[in-house]
Amino acid sequence: MAPKPKAKTEPTPLNLVGKLAKIMAGIEPMHKSEQAGSGNYGYKFISVNAMIDIARPVLAEAGIMFYGDVEGMERFDGLGKNGNQTFIYLTVKWHVRDGDEEFTFSTIGEAADTGDKAANKAMTAAQKQAISKLLMMSGTDDDPDREVSPQDPPRQQPAQRSAPPAAKPPAP
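Source: prediction; values computed, not measured.

Engineer: Talk me through the pattern of salt bridges; I want residue IDs and the actual numbers.
Structural biologist: Per the stated rule, a full pass over the model turns up 6 salt bridges. One salt bridge in this structure joins Asp77 and Arg75, with 3.3 Å as the shortest N-O distance.

Engineer: Describe the packing of aromatic side chains, and please don't skip the residues or the numbers.
Structural biologist: One pass over the full model with this rule turns up 5 aromatic pairs. Ring centres of Phe76 and Tyr89 lie 5.9 Å apart, and the angle between their planes is 70 degrees; this geometry places the pair in the edge-to-face category. Of this pair, Phe76 sits in strand 3 (residues 65-80) while Tyr89 is found in strand 4 (residues 83-97), placing the two residues 13 residues apart along the sequence. In this structure Phe76 comes out as partly exposed when scored by relative accessible area, which is 41%. Among the aromatic residues, those joined into a cluster by ring pairs are Phe66, Trp94, Phe103 and Phe105.

Engineer: Can you break down the pairing of strand 3 residue by residue, with the values?
Structural biologist: Relative to strand 4, strand 3 runs antiparallel, the two being bridged by 15 bridges. Within the sheet, the bridge partner assigned to Asp77 lies in strand 4 and is Thr86. Hairpin remark: strand 3 followed by strand 4, antiparallel, with 2 residues in the connecting loop.

Engineer: Residue-level account of helix 3 (residues 118-134), with values.
Structural biologist: Spanning 17 residues, helix 3 covers 24 Å between terminal C-alpha atoms, matching the ideal 24 Å at 1.5 Å per step. Those residues of helix 3 that sit buried are Ala118, Ala122, Ala126, Ala130, Ile131, Ser132 and Leu134. The secondary structure elements touched by the buried residues of helix 3 are helix 1 (16-25), helix 2 (48-61), strand 3, strand 4 and strand 5 (102-113). One or two residues past the end of helix 3 sits Met136, with phi positive at roughly 55 degrees.

Engineer: Which residues make up the confidence of the model for the chain, and what values do they have?
Structural biologist: Residues with a pLDDT of 70 or more make up 80% of the chain, whose mean pLDDT is 84. Every residue in residues 153-164 is under pLDDT 50, and counting partners more than four places away or in other chains gives 1 contact.

Criteria and cut-off values
- Residues numbered from 1 in each chain as written.
- Predicted model: local features only at pLDDT ≥ 70, side-chain atom pairs only at ≥ 80, totals over all residues.
- Heavy atoms only, no water.
- Salt bridge = Lys/Arg side-chain N within 4 Å of Asp/Glu carboxyl O.
- Phe/Tyr/Trp six-rings, centres within 6.5 Å; stacked < 30°, edge-to-face > 60°.
- Helix = DSSP H or I, 4+ residues; strand = E, 2+ residues; numbered from the N terminus.
- Buried < 20%, exposed > 50% of the residue type's maximum accessible area, 1.4 Å probe, protein only.
- Pairing = 2+ DSSP bridges.
- Expected span 1.5 Å × (residues − 1).
- Contact = heavy atoms within 4.5 Å.
- pLDDT = per-residue confidence, 0-100.

The following block contains the structure:
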């Protein structure tokens, strides 16, 4: 009697977290390729469009939807470094779903603008943060949190304390 052929087993479909882990494994570090400003006030950054161009096709191929809802917004009009400005602070709840499962997480975005674009800038900041955290995207550049930005006030060294003056003996 001939041995029975082994039954082919179908691989277990990945759950949502498994799909995201597989996507994360294939994402390369990004380079800051965009330039804003110049001289001492210039800086390089990764654009939200560059991040979307990487995230959209891999999420779509895995059947994953990703979208946000603004949960809260604060708006302040005031005087900024460039005159009158609008300051926007957003909290955005992001939904990640594949048709079977869903999870959510929140990010913040903040921005200031002298025109009418503060809300758009804040949403872009929240979206960049969300894509970066969802797919664990990293940059090849140094961590910006190790740098002091030009608008930060200079840090002062703590003053050295000298010994208090010696008490003078009372006059005779």
